[in-house]
Amino acid sequence: MKKNVAVSVNNVGMRFNLSQERVDNLKEYVIKFLKRDLKYNEFWALKDINFEIKKGERLGVLGLNGSGKSTLLKVVSGVLKPSDGQVETRGVIAPLLELGAGFSREYTGRENIYLYGAVLGYSKEFLDEKIDEIVDFSGLGEFIEVPIKNYSSGMKSRLGFSIATVVEPDILILDEVLSVGDKTFRRKSERKIMSMFDKGVTVLFVSHSLEQVQRLCDKAIILDSGRLVAKGPVDKVARIYKNMTE
């Protein structure tokens, strides 16, 4: 991989096997598996994807629902291993995908900072130093001592965002996370992301908002049914996407 490249995606494909039949329990599944009676439909969520992101570039990923956008982000961030091809990255990655997915319902917000932080690879010492900053940015106040099961979805997303963005990554992977929380928090979270941009972070960004992609990104790609159909400067790709969706 070239020195000025942060993310390289080479001939990447992601295949899922979808069962054609209903299996009611584990015993039935094991019996059918051993007898080789299970039948599958092969589904390619991604096929032959190729692109590079240079250090400091901000790439927007556009596409309709089911086009493979979120699957692509999971492959690049290492959550999923591609069926074909390979992904190479250089530097620390902060994947903001499913905010709060690692939270425990019975633990308080404060306890979940340490739990979710550990999932993201942060040390206890690092979290000890950053916990006041995390709580302050989340705006949860006294609710930080309340069990997560009593949080609204917006409160959980705000806490997840605050934990995930406390690092200074080389590569930032964003999946619709700038739509979390209320209007005030959305503006606050966008300012936080913009401050990361100012430090030269490399970005891979999915949003349903074309206007947001144009405002925040300098390059873009379009996925359609798991295939890359356009890539280039964001304004050029945005025009193609508008023609596809009108």
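Residues numbered from 1 in each chain as written. Predicted model: local features only at pLDDT ≥ 70, side-chain atom pairs only at ≥ 80, totals over all residues. Heavy atoms only, no water.

Re the environment of Val 135
The residue Val 135 is located in helix H4 (residues 124-138) in this model. Residues Val 135 and Ser 162 lie 27 residues apart in sequence; the distance between their C-alpha atoms is 7.6 Å. Contacts of Val 135, omitting those with residues within four sequence positions, involve Ile 113, Leu 140 and Ile 144. (Helix = DSSP H or I, 4+ residues; strand = E, 2+ residues; numbered from the N terminus. Contact = heavy atoms within 4.5 Å.)

Points about the sheet that holds strand E9 (residues 227-233)
What the six strands build is an open sheet, ordered E5-E6-E7-E3-E8-E9; its pairing is mixed. Looking along the sheet, the strands with just one partner apiece sit at the ends: strand E5 (93-96) and E9. Mean inter-strand twist for the sheet, computed between neighbouring axes without regard to direction, equals 15°. Pairing of strand E6 (residues 171-175) with strand E7 (residues 202-206), which is carried by five bridges, proceeds in the parallel orientation. Directly across from Asp 175, in E7, lies its bridge partner Val 206. (Pairing = 2+ DSSP bridges. Axes fitted to C-alpha atoms, helices over the stretch in contact; angles between N-to-C directions.)

Things to note about a positive patch on the surface
The grouping of Lys 183, Arg 186, Arg 187 and Arg 191 at the surface amounts to a positive patch. Within the fold, Lys 183 resides in helix H6 (residues 183-198). Overall, Lys 183 belongs to the exposed group, its relative accessible area being 56%. (Patch = residues over 30% accessible without salt bridge, like charges linked within 9 Å, V, L, I, M, F, W, Y side chains within 5 Å. Areas by Shrake-Rupley, 256 points an atom, 1.4 Å probe, with all protein chains shown as cover. Salt bridge = Lys/Arg side-chain N within 4 Å of Asp/Glu carboxyl O. Lys, Arg positive; Asp, Glu negative; His and termini not counted. Charge placed at Lys NZ, Arg CZ, Asp CG, Glu CD. Buried < 20%, exposed > 50% of the residue type's maximum accessible area, 1.4 Å probe, protein only.)

Some details on H6
Over its 16 residues, H6 runs 23 Å from end to end, which matches the ideal 22 Å to within 8%, given 1.5 Å per residue. The complete set of buried residues in H6 reads Phe 185, Ser 189, Glu 190, Lys 192, Ile 193, Met 196 and Phe 197. Buried residues along H6 cover an arc of 155° about the axis, so they all sit on one side. In H6, the exposed positions that point more than 90 degrees away from the buried face belong to Lys 183, Thr 184, Arg 191 and Asp 198. Gly 200 occupies a position one or two residues after H6 and carries a positive phi of about 85°. (Expected span 1.5 Å × (residues − 1). Arc of directions from axis to C-beta.)

Regarding the packing of aromatic side chains
Counting across every chain of the model gives five aromatic pairs. Seen from their ring centres, Phe 103 and Tyr 116 are 5.0 Å apart, and the 65° between their planes marks the pair as edge-to-face. Within this pair, whereas Phe 103 is found in the loop between E5 and helix H3 (109-119), its partner Tyr 116 is found in helix H3, the two being separated by 13 residues in sequence. Exposure class is identical for Phe 103 and Tyr 116. Each is buried. Their ring planes at 80° and their centres at 5.9 Å tell us that Phe 161 and Phe 185 sit as a pair that is edge-to-face. Here the residue Phe 161 occupies a position in helix H5 (residues 153-164), and Phe 185 occupies one in helix H6, the gap between them amounting to 24 residues. The residues Phe 161 and Phe 185 share a single accessibility class, namely buried. (Phe/Tyr/Trp six-rings, centres within 6.5 Å; stacked < 30°, edge-to-face > 60°.)

Structural notes on the packing of H3 against H4
H4 packs onto H3 with a crossing angle of 130° between their chain directions and a minimal axis gap of 10 Å. Comparing the axis directions of H3 and H4 gives the class oblique. The two elements H3 and H4 cross, and the hand of that crossing is right-handed. Only Lys 124, Leu 127, Asp 128, Ile 131, Ile 134 and Val 135 of H4 make contact with H3, whose side of the interface consists of Arg 110, Ile 113, Tyr 114, Gly 117 and Ala 118. Per-class residue counts for the contact of H3 with H4 are seven nonpolar, one polar and three charged. (Parallel < 35°, antiparallel > 145°, perpendicular 65-115°, else oblique. Left-handed = near helix turned anticlockwise from the far one by under 90°. Nonpolar A, V, L, I, M, F, W, Y, C, P; charged D, E, K, R; others polar.)

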